[in-house]
Amino acid sequence: MSNGSLSAKISSAPSDPIFGIVEAFRADPRPEKINLAAGVYMEEDGVTPILASVREAERRLLANSTTKLYKPIGGDPALVKLLRALIFREPGAPFGALPAIANEGRIEVLHTPGGTGAVRLAVELVKRLRPNAEIWVSDPTWPNHTQIADAVGVPHRSHPWISADARALDLDAVLQSINAAKPGDAFIFHGACHNPTGIDPTAAQWRVIAGAVAARGILPILDFAYQGLGDGLVEDAASLRAFLAAGCEILVAASASKNFALYDERVGALAIVAEDKEAAAAILTHAKVAIRAAWSNPPGHGGEIVAEILGDDALRVQWEGEVTAMRERINGNRRAFVVALASEGAGDFSHLLTGRGMFSLLGLDDAQLKRLRDEQAIYLVARGRINFAGLSAVKIPIVAKAVAALLR
Ligand SMILES: Cc1ncc(COP(=O)(O)O)c(C=O)c1O
């Protein structure tokens with residue numbers, strides 16, 4: 001092979017920290033294997049279902065759609081309007097009623113390929129509009145946050161999120177980091193259901209964080225990948241409302257992957273909350289330039305499904321019920337797992353009960369995770385991130401027993 005060849009002296013890149021484990025799980029021939037690693041919702045039988053509301057929307061689309069023409073760069077106007085209504089809905093307000101700032105024209109929304117596309121676009125905007133900014137992420141965080149910052153070429157730093165015993169939010173440390181950041185830096189916060197810790201600020205704590213962010217001139221990027229899987233679709237936006245009330249400009253990276261179970265359709269949205277209408281319109285132009293050079297136009301089918309569901313009151317209510325059912329199953333598994341750990345003598349895991357969303361950390365090290373994989377065919381992510389949706393009535397005692405055996 002010549003030196004100029006693409007393949008000369010190339011060693012392999014590391015596998016993705018989460019998808020790498022999921023691939024190892026798939027390759028494992030043991031029938032009793034348990035997947036608590038993938039960040040997806042699963043039913044009792046380990047299957048990730050297509051929601052009934054999605055099936056109905058697809059049936060209608062099959063009957064009625066007439067073209068596969070390119071979508072506009074920022075997405076279908078009808079879809080982005082509906083996504084805006086979903087993200088910014090206020091407690092007690094009917095779907096579609098918007099907060100005042102939306103009516104002032106301060107919010108623009110673009111359809112992106114998944115939440116990943118939205119985070120990528122947010123980071124691209126930081127690079128273009130705040131070229132000296134660093135991006136701060138919580139330690140720990142979703143590994144793709146730093147991978148995306150590296151890919152775009154924005155320097156990143158991490159700040160503490162949880163206490164040393166990994167049981168609670170370390171609010172003082174978060175506030176110290178905000179005050180240590182340069183004005184103009186960006187912080188990526190998890191809007192709800194922090195991944196991987198499951199530890200979210202309360203609404204009151206969000207207000208304190210948002211106040212500090214506003215005072216310091218920090219740009220909050222709210223990664224809102226799990227809207228609806230914490231306390232509810234509207235309740236989970238307490239974080240967003242805190243930043244709005246503090247008067248911040250905000251980038252919100254939303255995703256339909258989890259709450260619509262539309263993982264492979266790649267539906268997400270970046271919402272831009274700007275200082276005023278003119279600024280929102282100007283930032284939108286930069287976002288479109290970035291998109292044109294990346295994916296050009298968003299994928300159509302998934303967005304059409306979401307628009308069909310959100311645009312039809314009956315179908316939307318059906319879907320909201322399905323989100324509630326997913327959330328309640330996850331929370332039921334959380335509670336049952338904590339009881340099972342206690343009855344196996346694994347120690348006090350009651351702090352898991354205050355966690356939100358699919359994940360929490362069991363605090364296991366790499367050697368313990370390897371033993372779980374090798375000896376029990378149980379797959380978790382770094383630090384023992386467990387996906388409660390992967391548990392079932394049958395699997396809960398098996399996993400609790402295996403974890404307790406490691407800790408005794
Ligand atoms: C914290 C967080 N942000 C964003 C995403 C992006 O999800 P997607 O690109 O599949 O919509 C995920 C998915 O796992 C996530 O956990």
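Residues numbered from 1 in each chain as written. Predicted model: local features only at pLDDT ≥ 70, side-chain atom pairs only at ≥ 80, totals over all residues. Heavy atoms only, no water.

Looking at the pairing of strand 6 (residues 219-224)
For strand 6, the tally of buried residues reaches 6 of 6 residues, placing the bulk of the element in the interior. Because side chains alternate across strand 6, one face comprises the buried residues Leu219, Ile221 and Asp223, and the other comprises Pro220, Leu222 and Phe224, equally buried. Of the strand pairs in this sheet, strand 5 (residues 186-190) and strand 6 are connected by 5 bridges, and their pairing is parallel. Across the sheet, Phe187 pairs through a bridge with Pro220, a residue of strand 6. (Buried < 20%, exposed > 50% of the residue type's maximum accessible area, 1.4 Å probe, protein only. Helix = DSSP H or I, 4+ residues; strand = E, 2+ residues; numbered from the N terminus. Pairing = 2+ DSSP bridges.)

Considering the pattern of salt bridges
Under the defined criterion, the tally for this structure stands at 22 salt bridges. As a salt-bridge pair, Glu56 and Arg60 come within 2.9 Å of each other at their nearest N and O atoms. Here Glu56 pairs with Arg60, and both are found in helix 2 (residues 52-64), just 4 residues apart, close to one helical turn. Exposure remark for Glu56: the relative accessible area of 22% places this residue in the partly exposed category. (Salt bridge = Lys/Arg side-chain N within 4 Å of Asp/Glu carboxyl O.)

As for unusual backbone geometry
Negative phi values dominate among residues other than glycine, just as trans dominates among peptide bonds. Between Asp139 and the following residue, Pro140, the backbone shows a cis peptide bond with an omega angle of 0°. As for its position among the elements, Pro140 is in the loop between strand 3 (135-139) and helix 6 (144-152). If you check the backbone angles, Ala261 has positive phi at about 50° while not being a glycine. Tracing the chain through its elements places Ala261 in the loop between strand 7 (250-255) and strand 8 (268-273).

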